[in-house]
Each structure stands twice: as structure tokens, then as C-alpha cells.
Amino acid sequence: MRVTRVRATPVAVPYRTDEVWAFGRRSGLVSVLVEVDTDEGLTGLGEAAAYPSAKVVLGVLDALEPLVVGADPLRIERLVQRLDVVGTWHHLGTSNPAVAALETACWDLLGRVCGQPLVNLFGGRFRDEVEFFHYVAAGSPEEVRAEGRRAAGCGARLCYLKVGADQLATDLARVAALREGAGPRMAIRVDANEAWSPGAALRSVRALEEYGLEMVEQPTSGRNLAEMAYVRGRLDTPVLANEASWSRSDQLEVIRHGAADALSVDQQMDGGLLNLKRSAGICAAAGLPVVKHSLGELGVALAASTHLVAATPNFRYPNQGYGALLTDDVVRGDFGGPVENYREGRLPVPSGPGLGVELDPEKVGRYAELYRSRGARFAFHDPQALHGAPALPKR
């Protein structure tokens, strides 16, 4: 089997409500769908997060195509090494989502050839379902309270909320509203996205602990691991590394510094599903759990990570997903998409060969046109932040 062509289609799917973080917001999710055609008539599916933008991903895919066409897609390690070493792409982290999409498409092809779901190729089912958190957009206290009630009604076990507002009082009001809306049994994870200095992190997390926190994600800079370890050692709430943990080499350093209680891992940021499995293995050797991170993904990338997480023991906490925000998806059936397709925050592992999902041509066409006509409005933006002077840490 040989690769004959690589096709890339950027799509934009709207959110129910804006996703908000410390320095911006976006009203929908942009992904690049990748289809790898072969001379035997089979096509493998992949998906790249639009990181740092869809244009960058498309440019990387265009540059990589000469290294992919003509290759045997079932020799996955050999192909990825060709991209990394011959193509020198291992030097550029922003190329990783495109590489991950190509690698996923090859795994999909392998599963289709074998007639097996990917979970069986990654070690078999350790679990039958994968759990995701309920993403609560950082709106007004009234909006957060209402979303907390929605999460509880959906049967979610964990709500995730961005913090790191300009004023601690804003974060306190939102977390208090979430606790009130979601009820006393809901776990709450907060994510500061590096917004705090060490002193501000200690003051903020200690104040927020009144409402019960499962973990705090990346409270301080991910590039100063000694600082992270200092903060971790002075908090009762466990620290989850994210921006400090984009790659396997990053994770080794987080472990060496004792800077986190759990680590986020992401196949998009580290170039593929094999590397995601390796990341989990590195952390397991250190006695640490991992959480699947997402830059925002639709049904193709979500299916890929669901297979791998289901086959890997130390994914012990709810993982990052976008079901609470998404209005739709691009795959057939009810896998992924809006949170109503989840069962108490969980998704079953697809049982079909390969990824076990297929694109819905009508939806792909509709959301590809939306990207072409209005794609810019789906990028992270915030007019107020753009006219200010954004900098890290915020306080």
C-alpha cells in the first residue's frame, strides 16, 4: 500500500457560547480535517487542531506532502521518523498538529486493513468508556451558575472553569456560582493558564479552596519549573501541569523538578498517538496520573484519543473535551458533538475498524463553507484585550 494523495479541509463549527480564557475568547472551533488516500482505494482520516492557526497547519501539510506521498502508511514509525529527521520537523513545535493528523490517518488505515478498532492495536480495552469534564464558559456568575445546573443535569462528574481574571473577586464570584449551580457533589477543576505569579497563585488558590477544588491547572508559568514546584509544595490543592507539559521532554523535566501532581498530555502538541502513549508511560513510571488535554477537537481527533485513553491505565481523571460548548460535529452518528451525545460525561469507545468514525459529507461541506466565509471570527480574539497591554503574569 502506498499513499497517493493528502487532502486537507479546514472547517469551523460554532459554539453555544464563547470559550473564554485569560487573554481572549473564540465563538467556535476550527480544525483541519485530513484525508490520506492510497493506491488500494482506502482512505485514512486525521484531524489537526488549528494551532497556532489553520493557515499554519495547511502550510505544514503542504510542505510535508512530498515526504508522505509514495510512502507505505502502515510503516508508521518509519514515516514519522522521515518527517521528523529528513523533513527536520522535530525542531518546530507548531508543526506537531499537522504531523499528528497524518499519523492518525495512518493508524486509521492500519485498523481498517486489520479489521480492528484502534483500541485493540494500542493494548486492548482497559476501560470501555472514557470520561470527559463539562467545560463551563467563564461568563457572568448567573451564566456560570446556569451552566453548573446544566452539567449536573447531564450527569457530569467534573466541571472545568477558566480563572485568572484581572481581579480575584471575579474568579471567586464565578467559582462560588458554579458550586451553587452544580451542587455539592460536583468536582471543580480551575485553569489559570499561567496567569498568576507565585504569590498571586497561593493567595488565589487558597481563597478558591473554600468551594472545593479537584485540581488547579497551570497556576504559574510553565517555563519556570522551580516556581511551579514552590507553589505546589505550599498548596493543599493538587497542581496539574499543562503549558509546562506539551511534549515528552517537557514531561521529563516536570517530573524531575517535582512540579506537578498530574500532567496534561496531548497527541496534537507532541505529534501523534504513539507519543501520547509514550507520554502516559513516562508519567506512569514516575507514579503520576495523566489527563488528556485538547486544543479543541471534533469527532475524528476525539475518536483517536478515546481509543488510546481507553487502552492506557493512568488516565484516571476526567479528560478535556468540548462537548459542552459545541453545537455540532462533522462525523456521522452521535459520537462526539454536543454534550447530549455523552452518557454522564462519558463516551463509549468506537467499535468499528480503525477510528470507527466516518465523515458526514453534508456537514463537512457546510462547515468548510463557514470557515471560508467567516473563519476569522472563530480565532481567539478579545477587542478589549487587544487594545490593552496583555502580559504574563497578570498579577
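This text goes with the structure placed above it.
Predicted, not measured: the structure shown is a model, and the values here were computed from it.

1. Some thoughts on the packing of helix α5 (residues 141-154) against helix α6 (residues 168-182)
Pairs of packed helices are described in terms of their axes, by the angle between the two and the distance that separates them.
So, point 1. Packing of α5 against α6 brings their axes to within 7 Å, and their N-to-C directions diverge by 35 degrees. Considering how the two elements wind past one another, α5 and α6 form a crossing that is right-handed. Contacts between α5 and α6 involve P141, V144, R145, G148, R149 and A152 from the first element and A173, R174, A177, L178, E180, G181 and A182 from the second.
So, point 2. Of the residues that constitute the contact of α5 with α6, the class distribution is 7 nonpolar, 2 polar and 4 charged.

2. Describing the sheet that holds strand β1 (residues 3-21)
Sheet strands pair via backbone hydrogen bonds, and the direction of the pair is either parallel or antiparallel.
So, point 1. As summarised here, the arrangement of the 3 strands in space is β1-β2-β3, forming an open sheet in which the pairing is antiparallel. In this open sheet, the two strands that pair with only one neighbour each are β1 and β3 (43-49). On average, each strand axis in the sheet is inclined to that of its neighbour by 20 degrees, with strand direction left out of account.
So, point 2. In the sheet, β1 pairs with strand β2 (residues 24-38) via 14 bridges, with the strands oriented antiparallel. Bridging from a neighbouring strand, E19 pairs with R26 of β2.
So, point 3. Most of the contacts of helix α3 (residues 96-114) go to β3, to which it runs at about 155 degrees, and overall it touches β1, β2 and β3.

3. Let's talk about the packing of aromatic side chains
So, point 1. One pass over the full model with this rule turns up 7 aromatic pairs.
So, point 2. Pairwise contacts between aromatic rings join Y15, F133, Y135, Y160 and Y322 into one cluster.
So, point 3. Here R377 stacks its cationic end above the ring of F378, 5.1 Å away from the centre of that ring.

About the thresholds
- Residues numbered from 1 in each chain as written.
- Predicted model: local features only at pLDDT ≥ 70, side-chain atom pairs only at ≥ 80, totals over all residues.
- Heavy atoms only, no water.
- Axes fitted to C-alpha atoms, helices over the stretch in contact; angles between N-to-C directions.
- Helix = DSSP H or I, 4+ residues; strand = E, 2+ residues; numbered from the N terminus.
- Left-handed = near helix turned anticlockwise from the far one by under 90°.
- Contact = heavy atoms within 4.5 Å.
- Nonpolar A, V, L, I, M, F, W, Y, C, P; charged D, E, K, R; others polar.
- Pairing = 2+ DSSP bridges.
- Phe/Tyr/Trp six-rings, centres within 6.5 Å; stacked < 30°, edge-to-face > 60°.
- Lys NZ or Arg CZ within 6 Å of the ring centre and 35° of its normal.

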